[in-house]
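# Fold and geometry: a report
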Amino acid sequence: MDKGQQMRFSKKELEVIRGAFENNDDLLYSLRKHLLQCDIPEDEWVNLKKTVNPELLAVLRKDFLPTINDDVPLQQIADPLLLEKIMSLPPEEAAPHIEATLIAKEYTKQQIDELETGDKGKIILKELTPKRENNIVWEDKMPNDYCRYVNLMARNIIISNTESRLYFLRILANQNNPAIQEEFKKKLEQNSNK
């Protein structure tokens, strides 16, 4: 941790973020396509793989897959299971939330690992979305409600987390860009008025 560091990222990590994403929304969109398993044109995939070096992979892992460690300032520890909602629920109600969070974490890890290794993971995002066959509910063919609920929650966590983390990286990368900082302030105001 840097002396006087106020956030989870060190000066070096902030330089890596700026180097990759400053004025480079195209890279953020390519990364989003990959993280959400959308189709990526070959040239975009090649550029993404070329840009994502070991330093950037480390930053992505730190941001998307935080671990509890003492190398961050006070009040900057992040962990997906530190959700007040989960802690306030009785165990039987918390269980699907915990399971969905763990699936989302495993999915995100596989997508980040694929950037490094090229190996495809086993979790398919589209398969987490509940479906109805021909708009008819066939009770005996449907997975149980618990599985559908967990899968839908995992899917929503993945999408929401991907969007928020990439937006956060965009803000960090463009701290010196007044237009993007103004956009960020407007979004904060909109969210605080909800």
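Residues numbered from 1 in each chain as written. Predicted model: local features only at pLDDT ≥ 70, side-chain atom pairs only at ≥ 80, totals over all residues. Heavy atoms only, no water.

What follows covers the side chain of His-97. With respect to the secondary-structure elements, His-97 resides in helix H6 (residues 91-117). When its relative accessible area of 11% is taken as the criterion, His-97 is described as buried. Every residue in contact with His-97, bar those within four places of it in the chain, is listed here: Lys-85, Ile-86, Leu-89, Tyr-149 and Met-153. (Helix = DSSP H or I, 4+ residues; strand = E, 2+ residues; numbered from the N terminus. Buried < 20%, exposed > 50% of the residue type's maximum accessible area, 1.4 Å probe, protein only. Contact = heavy atoms within 4.5 Å.)

Along the chain, Glu-114 falls in helix H6. On the basis of relative accessible area, Glu-114 is assigned to the buried category, the value being 4%. Along the sequence, Glu-114 and His-34 sit 80 residues apart, while their C-alpha atoms lie 9.2 Å from each other. The residues touching Glu-114, leaving out its near neighbours within four places in the chain, are His-34, Trp-45, Lys-49, Asp-119 and Lys-120.

Turning next to the confidence of the model for the chain. Here the chain averages 85 in pLDDT, while 84% of its residues score no lower than 70. Summarising per-element confidence for the chain, the mean pLDDT is lowest in helix H5 (residues 84-87) (73) and highest in helix H2 (residues 25-35) (97). (pLDDT = per-residue confidence, 0-100.)

As enumerated under the stated definition, the model contains 10 salt bridges in all. Across the salt bridge formed by Lys-122 and Glu-106, the nearest N and O atoms sit 3.8 Å from each other. Note that Lys-122 is positioned in the loop between H6 and helix H7 (145-173) and Glu-106 in helix H6, a separation of 16 residues in sequence. If you follow the salt bridges from partner to partner, you end up with Arg-61, Lys-109, Asp-113 and Glu-116 in one network. (Salt bridge = Lys/Arg side-chain N within 4 Å of Asp/Glu carboxyl O.)

So, about the nonpolar core. The biggest cluster of nonpolar side chains holds 24 residues, and the ones touching the most others in it are Ile-17, Phe-21, Leu-31, Leu-60 and Phe-64. Going through the elements one at a time, helix H1 (11-21), H2, helix H4 (54-64), H6 and H7 are the ones with two or more residues in this core. Ala-104, Leu-125, Leu-128 and Ala-154 belong to the second-largest nonpolar core, a separate cluster that totals 12 residues. (Core = buried A, V, L, I, M, F, W, Y, C linked by side-chain atoms within 4.5 Å.)

Further remarks concern H2. For H2, every residue scored as buried is listed here: Leu-27, Leu-28, Ser-30, Leu-31, His-34 and Leu-35. Down the axis of H2, the buried side of the element spans an arc of 160°, and every buried residue falls inside it. Check the buried side of H2 and you find it contacts H1, helix H3 (42-51), H4, H6 and H7. Positive backbone phi, at 55°, marks Gln-37, one or two positions downstream of H2. (Arc of directions from axis to C-beta.)

This paragraph deals with the side chain of Gln-110. Along the chain, Gln-110 falls in helix H6. Within polar-contact distance, the side chain of Gln-110 engages the backbone oxygen of Ile-123 at 2.6 Å. If we ignore the near neighbours within four places in the chain, the residues touching Gln-110 are Gln-37, Gly-121, Lys-122 and Ile-123. (Polar contact = N/O pair within 3.5 Å; in protein donor to acceptor, adjacent residues only side chain to side chain.)

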